[in-house]
Amino acid sequence: MDPINLYDFESRAKSTVPHNAWSYISGGSQDGLALKRNRSMLESILLRPRFLRDVRKRNLSTTILGEAIRFPVMIAPASSQTLVHPDGEIATTKAAGTAGTIMSLSTSSTKSIEEVANVASGPLWFQLFHCGREQTEDLVRRAEDSGYKAICLTVDTPIPSHKEVDVRNNWKLPPETYRGNFSHKIATNGPSRLDPGIFEGHGKPPTIPLTFEQLPWLKSLTRLPLVIKGIRTAEDAALCVKYDIDGIVVSNHGGRQIDCTLSSIETLPEVVAAVNGKAEIYFDSGIRRGSDVIKALALGARGVLIGRPIFWGLAVNGQAGVEKVLDILYRELDLVLAYCGFTSVDQIDDAILHLPVEMEYSRIPYVEEIRGLADLHSKGLISRNEFDSKRESLLGIEKQ
Ligand SMILES: Cc1cc2nc3c(=O)[nH]c(=O)nc-3n(C[C@H](O)[C@H](O)[C@H](O)COP(=O)(O)O)c2cc1C
């Protein structure tokens, strides 16, 4: 029988992908606590369905940074997609185009910025790992020249992380799977200044940390909107607002970097409260069902991204597999939207959620105060400026 949900795709993919590559894709860091918690906390949020409404006609479309998409599920940036299918990111990009959604291309992709742009029929984001000033500038310029719609800077990998399972398997990513943007061909044929030697001593593109103070420099390189991926706290979210970024992906990298953190969904409400409408918020880490999508949207995300399920779809059936994964999520979201009494994704609010006690309040007192302030602002009882300055003083931001 064909897969009917994403877990069917997962088990089928597992039987075809070689063991060590599978462990690399599916694994989490250290004890995998954040990885497991991503799912268990999403599962512990329950829905309060609403009935006796006319929900026969439904519209799942939305906009992301002004780009129309058919439904609020996007492709997360993920490296090395030819590990599981020879077409890699080319297949994923075509599938995203068919599904009417955004494809994000990783800095560490097998296929290059330009190859992907050539086959795209929908909007593209370029995910950036900072590679030093010259090389970052080069990547950003190439993405802009190739028609990408946003730069998505991943910030939650300040130094390289290793997964113990990969150490045990003595697993090294095959270099050809993550150097698409740094190939010798690109470096010598075009105007690019990219240095293929950048990988030396790193194995992957280097994780050179940026600081908040360097964001104005990054923004000055491009007219494209800047999205920051990997934010998990009200403090960092407020600083993102201060630096005028356009979007935030609340993400714990699918539990692949630092372990022993909250799940990604637990951190979404504090980021939403701190940002309070000044930037678009997206969510990833653990999305496997349409009901997960509606939960994230109800907590304030404008859209979600999927990571591992891309690999499952690719491994099972290349482009058609990713299309099917996206189609399943579309249908599941459509169904749960109707059962919650909505006809459009704009109507979703947190009244449809029954939250577990862990998420009912934040243990950090000032996060509760910020939520209270956001509530006052939404009721028109305090101005935006009052909200911003009270939040900054609660978080000590003005001193940073
Ligand atoms: C194999 C693999 C490679 C990834 N590579 C990148 C990457 O290059 N850049 C990045 O920002 N995130 C990367 N991610 C993280 C995803 O963008 C995303 O945050 C995560 O997969 C979401 O969780 P999920 O897999 O549970 O959907 C990768 C994830 C996987 C599984």
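Residues numbered from 1 in each chain as written. Predicted model: local features only at pLDDT ≥ 70, side-chain atom pairs only at ≥ 80, totals over all residues.

### With respect to the overall build of the chain
Scanning the chain for helices and strands turns up 16 helices and twelve strands. Taken over C-alpha atoms, the radius of gyration comes to 20 Å for the chain, in line with the 21 Å a tight globule of 400 residues would show. In terms of overall dimensions, the chain has a C-alpha envelope of 60 × 55 × 40 Å along the principal axes. A separation of at least 24 residues holds for 71% of the contacts in the chain among residues at least 6 apart in sequence. (Helix = DSSP H or I, 4+ residues; strand = E, 2+ residues; numbered from the N terminus. Rg over C-alpha atoms; globule rule 2.2 N^0.38 Å. Contact = placed C-beta atoms within 7 Å.)

### Structural notes on unusual backbone geometry
A positive phi angle, near 55°, is found at Leu52, a position not held by glycine. Using a count of 6 C-beta atoms within 10 Å as the deciding quantity, one classes Leu52 as exposed. Although it is not a glycine, Ser285 adopts a positive phi angle of roughly 105°. Position of Ser285 relative to the elements: it lies in the loop between strand S10 (280-284) and helix H12 (290-298). (Buried ≥ 20, exposed ≤ 12 C-beta atoms within 10 Å, placed from the backbone.)

### As for the site of the ligand
Among the 21 residues in the neighbourhood of the ligand, the closest are listed as Ala76, Ser106, Thr154, Gly254 and Gly307. Of the residues that constitute the shell around the ligand, the class distribution is six nonpolar, eleven polar and four charged. (Near = placed C-beta within 6 Å. Nonpolar A, V, L, I, M, F, W, Y, C, P; charged D, E, K, R; others polar.)

### Let's talk about the domain arrangement of the chain
Each domain of the chain was delimited in the assignment, giving domain 1 (6-359) and domain 2 (365-399). The centre of domain 1, based on its C-alpha atoms, is set 29 Å off from the matching centre of domain 2. With nine residues of domain 1 at the contact, the number on the domain 2 side is ten residues. Elements represented by at least two residues in the side of domain 1 that touches domain 2 include exactly helix H10 (234-242) and helix H11 (264-275). The element best represented in the side of domain 1 that touches domain 2 is H10, accounting for five residues. (Domains from an automatic or database assignment.)

### Thoughts on helix H6 (residues 133-145)
Under the 1.5 Å per step criterion, the end-to-end length of H6 is 18 Å for 13 residues, consistent within 8% with the ideal 18 Å. For H6, every residue scored as buried is listed here: Gln135, Thr136, Asp138, Leu139, Val140, Arg142 and Ala143. Packed against the buried residues of H6 are helix H5 (113-119), strand S6 (124-128) and strand S7 (150-154). Phi turns positive one or two residues past the end of H6, at Gly147, with a value near 90°. (Expected span 1.5 Å × (residues − 1).)

### Structural notes on the nonpolar core
Counting residues in hydrophobic clusters, the biggest one holds 110 residues, and the most contacted among them are Phe126, Ala237, Ile248 and Val271. Broken down by element, this core gets its largest block of residues, 15 residues, from helix H13 (residues 308-339). When we break this core down by domain, the ones giving at least three residues each are domain 1 (6-359) and domain 2 (365-399). Not counting chain neighbours up to four residues away, the residues in contact with Ile248 comprise Val227, Ile228, Ile231, Ala237, Cys240, Val271, Val275, Ala279 and Ile281. (Core = buried A, V, L, I, M, F, W, Y, C linked by C-beta atoms within 7 Å.)

### Quick look at the environment of Leu355
By the element assignment, Leu355 lies in the loop between strand S12 (353-354) and helix H14 (357-360). On the basis of neighbour counts, which here come to 18 C-beta atoms within 10 Å, the residue Leu355 falls in the partly exposed class. Through-space distance from the C-alpha of Leu355 to that of Tyr7 is 24 Å; in sequence the pair is 348 residues apart. Here Leu355 is in contact with Ile45 and Glu360, once residues within four sequence places are set aside.

### A few points about the pairing of strand S11 (residues 303-306)
Put simply, side chains in a regular strand alternate between the two faces of the sheet. Of the two faces of S11, the one carrying Gly303 and Leu305 and the one carrying Val304 and Ile306 are both buried. As judged from the three bridges shared by strand S4 (residues 73-75) and S11, these two strands associate in the parallel manner. Bridge pairing in S11 links Val73 to Val304. Pairing analysis gives three bridges linking S10 to S11, with the strands arranged parallel. Its bridge partner lying in S11, Tyr282 is registered against Gly303. Taken together, S10, H12 and S11 form a β-α-β motif whose crossover is right-handed. (Pairing = 2+ DSSP bridges. Right-handed = clockwise from strand over helix to strand, strands pointing away.)

### Looking at the packing of helix H1 (residues 6-16) against H13
Closest axis-to-axis distance for the H1/H13 pair is 10 Å, and the angle between their directions is 170°. Looking at the two axes, H1 sits roughly antiparallel to H13. Across the interface between the two elements, Leu6, Phe9, Glu10, Arg12, Ala13 and Thr16 of H1 pack against Pro309, Phe311, Trp312, Gly313, Ala315, Val316, Val325 and Ile328 of H13. (Axes fitted to C-alpha atoms, helices over the stretch in contact; angles between N-to-C directions. Parallel < 35°, antiparallel > 145°, perpendicular 65-115°, else oblique.)

### Some thoughts on the pairing of strand S9 (residues 247-250)
Judged by which residues are buried, S9 turns out to be covered on both faces: Gly247 and Val249 on one side and Ile248 and Val250 on the other are all buried. Relative to S9, strand S8 (residues 226-231) is paired through four bridges, and the arrangement is parallel. Across the sheet, Val227 pairs through a bridge with Gly247, a residue of S9. Assessed by its sense of winding, the connection that carries the chain from S8 through H10 to S9 is right-handed. Sheet topology places S9 next to S10; four bridges connect them, and they run parallel. Residue pairing in the sheet places Ile248 in a bridge with Ile281 of S10.

### A closer look at H10
It helps to recall that an α-helix has 3.6 residues per turn; residues three or four apart then point in one direction. Burial runs high along H10: seven of the nine residues are buried. Taken as a whole, H10 has its buried residues at Ala234, Glu235, Ala237, Ala238, Leu239, Cys240 and Val241. Packing partners of the buried residues in H10 comprise S8, S9, H11, helix H15 (365-378) and helix H16 (384-395). Asp244 occupies a position one or two residues after H10 and carries a positive phi of about 65°.

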